[in-house]
Amino acid sequence: MRTVSTDVLVIGGGATGVGVLRDLALRGIRAVLVEKGDLTHGTTGRYHGLLHSGGRYVVKDPQSATECAHENEILRRIMPHCLEDTGGFFVVTPADDESYAPRFVQGCRDTGVPVNEITVREALRREPLLNPRIKRAFVVPDASVDVWKLVWALAGGAAAHGARVLTYHRVIGVRREGDEVCGARLRNELSGEEIDVEAGFVLNASGAWAAQILHTADITDVGVVPGKGIMIAMNHRLVNTVINRLAMPGDGDILVPIRTVSVIGTTDIHAHDPDEIPVTQHEVDQMMDDGERLVPGFREARALRVWAGVRPLFQDARAGEVKETRDVSRTHAVVDHRARDGVSGLLTMSGGKLTTFRMMAQDLVDAMEKQTGDQRPCQTQRVRPPGNEDATSYRLGSRLARREETLQDEPLICECELIGRRRLEEEMRRRGNASLDDIRRSLRLGMGPCQGGFCMYRATGILHEVERLDAEQAATSLLDFLEERWKGVYPILYGDQLRQARFDDWVFQGLLDVEHLGAGT
Ligand SMILES: Cc1cc2nc3c(=O)[nH]c(=O)nc-3n(C[C@H](O)[C@H](O)[C@H](O)COP(=O)(O)OP(=O)(O)OC[C@H]3O[C@@H](n4cnc5c(N)ncnc54)[C@H](O)[C@@H]3O)c2cc1C
């Protein structure tokens, strides 16, 4: 069996794990990250897209609010290229209790969240589709995040300092020698090969799956309460500012403009298994009703896609109580298994938010250094990851402006997301595997209104050529992609998106007979 040796093994390729990897690399510590799927495969690739100002938590969870405000400022400085500076509004809709507003303002003051009231008229001038019956409006520094860009930038930054990333490698067992963790056994999910990792320390950043990892180390009484939330992407920017309802955190109370879409979310339902998070019709209806409160006419707008993610909300099973998921604090904590379980060489990150991933990574690595007796200072609050040379945040029109410069030079493969052939081929070569879904995550391929209807057969042909696939492999790749997309489309089929799905079906079933493509060739 092949063995890989490293100083630190990081488990989990979401924002937290990749943030940890980069932090370690910048401190000069040898590290390997393993992820059972692609990077962002878990909650990070399925979240709402908001860089919190902290406003959401100022009354209910002040510590989280202060952490968000602090990290919001740092991320704007070190990785603006992964953010769109949309700004955010908190608005009192007719359904909200007006007495919450003074508590909110006081909470912002107490927790350091910048806030500024504007007139309703001004709010409506800036956001003409916003509910005209809102009673008050406050401006906060919310932003939206291109999470794929953020995670690749962090991974690139870590690799530039010698760190390694092994995607499609699942931890099947944490290895222990007595009371000491000394590595893990992995399985390569693509080839089936098993590999041993010898590591001086293991950092568990596997989010909602953390308890599963701990069980393999015989630590069985840690509880993760997966809090499921669904989100629906509407096919255009109904608003250009993040819109939050001015109320205690609840369901469907935030609308986030990201790239060319706006995303309404979310719910918070106790799930039993982080891999079993189906979207129900009831939740979809609830989100559409909630959207209607913020933007009248929301229900008539075109819904593109729905998906669900799971919050990694920790509760110590020894405490014996299970709270409602919405009542579990959003702040993070390092679980020290030496102090808690008598097992050294292992720490777990619990809870947290995408907005605070950098701080979470710093706290985890600091806690490790405390155990190992080292003192290499964290660098991540000041070192900028690559891809950020002009130090500006992206704008809605950025892709179009870039595309217009090379309009005549190459064919466009994905019209919705403006992806040219050269960029697509480059990414396929860089990825070096046959997954169109991985390419989607890197480039946003097939994520626009046609949901792959026009670009995926072209992309499959190009993949066939670039990766030298045979017809069967190429067809399998296309089918896998379509099946994955279908999961997010069928629960919201109505109106124009139903027409689009019917059209796509004619392309793939009618013209290409996709289910029999490649068979016997
Ligand atoms: C519905 C919803 C909306 C949210 N909205 C926001 C928001 O707007 N703003 C915000 O700041 N935060 C938000 N959050 C919270 C945020 O998304 C998460 O806190 C964050 O993405 C978690 O990142 P992570 O890296 O800790 O976990 P993950 O991204 O889940 O990463 C853990 C990784 O571990 C991997 N893994 C699991 N088991 C194994 C194994 N055996 N071997 C190898 N790898 C394994 C998984 O595949 C996964 O990729 C939201 C969360 C949800 C659910």
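### What to know about the overall build of the chain
Reasoning step 1: Each helix and strand counted, the chain has 15 helices and 22 strands in total.
Reasoning step 2: For 521 residues, the compact-globule estimate of 2.2 N^0.38 gives 24 Å, and the chain sits close to it at 23 Å.
Reasoning step 3: Expressed along its principal axes, the backbone C-alpha trace of the chain runs to roughly 65 × 65 × 45 Å.
Reasoning step 4: The proportion of buried residues among the 521 residues of the chain is 58%.

### Quick word on the site of the ligand
Reasoning step 1: Within the structure, the ligand sits among 34 residues, and Thr-16, Glu-35, Thr-44, Leu-50 and Thr-355 are positioned closest to it.
Reasoning step 2: Lys-36 is positioned such that a nitrogen or oxygen atom in its backbone is 3.1 Å from a nitrogen atom of the ligand.
Reasoning step 3: Val-171 is positioned with one of its backbone polar atoms (N or O) 2.9 Å from a nitrogen atom of the ligand.
Reasoning step 4: Protein chains bury 96% of the 1,000 Å² of accessible surface belonging to the ligand in isolation.
Reasoning step 5: The set of elements that each furnish at least two residues to the shell around the ligand consists of helix 1 (15-26), strand 10 (169-177), strand 13 (222-234) and strand 18 (303-316).
Reasoning step 6: Within the shell around the ligand, the residues separate by chemical class into 11 nonpolar, 18 polar and five charged.

### Side note on helix 13 (residues 456-466)
An α-helical turn contains 3.6 residues, so any two residues separated by three or four positions project in the same direction.
Reasoning step 1: Along helix 13, the residues classified as buried are Met-456, Ala-459, Thr-460, Ile-462, Leu-463 and Val-466. Mapping the buried residues of helix 13 onto a view down its axis gives an arc of 165 degrees, with all of them on the same face.
Reasoning step 2: Its buried side turned inward, helix 13 meets strand 21 (412-414), helix 11 (421-431), helix 12 (436-443), helix 14 (471-489) and helix 15 (495-511).
Reasoning step 3: Once helix 13 ends, the next one or two residues include Arg-468, with phi positive near 50 degrees.

### Overview of the packing of aromatic side chains
Reasoning step 1: Scanning the model with the defined rule gives five aromatic pairs in all.
Reasoning step 2: With 6.4 Å between their ring centres and 65 degrees between their planes, Tyr-457 and Phe-508 make a pair best called edge-to-face. Taken together, the residues Tyr-457 in helix 13 and Phe-508 in helix 15 connect sequence positions 51 residues apart.
Reasoning step 3: Ring plane angle 35 degrees and centroid distance 6.0 Å describe the contact between Trp-486 and Tyr-490, whose orientation is recorded as tilted.
Reasoning step 4: Judged by relative accessible area, Trp-486 falls into the partly exposed class, the value being 46%.
Reasoning step 5: By the ring-pair criterion, three or more aromatic residues cluster together here, those being Phe-90, Phe-104 and Phe-138.
Reasoning step 6: One cation-aromatic arrangement involves Arg-259 over Tyr-394; the distance from NZ or CZ to the ring centre is 3.9 Å.

### Quick notes on the pattern of salt bridges
Reasoning step 1: Summed over all chains, the structure comprises 47 salt bridges.
Reasoning step 2: For Glu-117, the salt bridge goes to Arg-136, with nearest N and O atoms at 2.9 Å. You can see Glu-117 sitting in strand 6 (residues 116-118) and its partner Arg-136 sitting in the loop between helix 4 (120-126) and strand 7 (137-140), a full 19 residues away along the chain.
Reasoning step 3: Across the pair Arg-340 and Asp-341 runs a salt bridge whose closest N-O atoms are separated by 2.7 Å.

### Considering helix 11
Reasoning step 1: Among the residues of helix 11, Leu-424, Glu-425, Glu-427, Met-428 and Arg-431 are the ones counted as buried. In an axial view of helix 11, the angular spread of the buried residues amounts to 165 degrees, which keeps them on one side of the axis. Facing away from the buried surface of helix 11 by more than 90 degrees, the exposed residues are Arg-429 and Arg-430.
Reasoning step 2: At its buried positions, helix 11 is contacted by helix 5 (147-160), strand 21, strand 22 (419-420), helix 12 and helix 13.
Reasoning step 3: Following helix 11 by one or two positions, Gly-432 adopts a phi angle in the positive range, close to 60 degrees.

### As for the state of the cysteines
Reasoning step 1: All chains considered together, the criterion is met by zero disulfides.
Reasoning step 2: Free of any disulfide, Cys-450 has its nearest cysteine sulfur in Cys-416, 3.9 Å distant.
Reasoning step 3: Assessed through its relative accessible area of 4%, Cys-450 is described here as buried.

### Thoughts on the side chain of Arg-340
Reasoning step 1: Mapped onto the fold, Arg-340 is located in helix 8 (residues 337-341).
Reasoning step 2: The exposure class assigned to Arg-340 is buried, which follows from its relative accessible area of 15%.
Reasoning step 3: Side-chain polar atoms of Arg-340 contact the side chain of Asp-221, separated by 3.0 Å.
Reasoning step 4: One polar contact links Arg-340 to Asp-341, side chain to side chain, over a distance of 2.7 Å.

### Side note on the nonpolar core
Reasoning step 1: Counting residues in each nonpolar core, the largest one holds 44 residues, and the members touching the most others are Val-8, Val-20, Leu-24, Met-79, Leu-150, Leu-203 and Met-368.
Reasoning step 2: No other element matches helix 5, which puts nine residues into this core.

### Structural notes on a negative patch on the surface
Reasoning step 1: Taken together, Asp-480, Glu-483, Asp-513 and Glu-515 make up a surface patch of like negative charges.
Reasoning step 2: Position of Glu-483 relative to the elements: it lies in helix 14.

### Details of the sheet that holds strand 4 (residues 83-84)
Working definition: the strands of a sheet are paired by backbone hydrogen bonds and lie parallel or antiparallel to each other.
Reasoning step 1: Read across the open sheet, the three strands follow the order 3-8-4; overall the sheet is antiparallel. Since the sheet does not close on itself, it has two edges, and those belong to strand 3 (50-51) and strand 4, each with one partner.
Reasoning step 2: Both strand 3 and strand 8 (residues 143-145) contribute to a ladder of two bridges, which runs antiparallel. Within strand 8, the position partnered with Leu-50 by the bridge is Ser-144.

About the thresholds
- Residues numbered from 1 in each chain as written.
- Predicted model: local features only at pLDDT ≥ 70, side-chain atom pairs only at ≥ 80, totals over all residues.
- Heavy atoms only, no water.
- Helix = DSSP H or I, 4+ residues; strand = E, 2+ residues; numbered from the N terminus.
- Rg over C-alpha atoms; globule rule 2.2 N^0.38 Å.
- Buried < 20%, exposed > 50% of the residue type's maximum accessible area, 1.4 Å probe, protein only.
- Near = heavy atom within 4 Å.
- Polar contact = N/O pair within 3.5 Å; in protein donor to acceptor, adjacent residues only side chain to side chain.
- Areas by Shrake-Rupley, 256 points an atom, 1.4 Å probe, with all protein chains shown as cover.
- Nonpolar A, V, L, I, M, F, W, Y, C, P; charged D, E, K, R; others polar.
- Arc of directions from axis to C-beta.
- Contact = heavy atoms within 4.5 Å.
- Phe/Tyr/Trp six-rings, centres within 6.5 Å; stacked < 30°, edge-to-face > 60°.
- Lys NZ or Arg CZ within 6 Å of the ring centre and 35° of its normal.
- Salt bridge = Lys/Arg side-chain N within 4 Å of Asp/Glu carboxyl O.
- Disulfide = S-S within 2.5 Å.
- Core = buried A, V, L, I, M, F, W, Y, C linked by side-chain atoms within 4.5 Å.
- Patch = residues over 30% accessible without salt bridge, like charges linked within 9 Å, V, L, I, M, F, W, Y side chains within 5 Å.
- Lys, Arg positive; Asp, Glu negative; His and termini not counted.
- Charge placed at Lys NZ, Arg CZ, Asp CG, Glu CD.
- Pairing = 2+ DSSP bridges.

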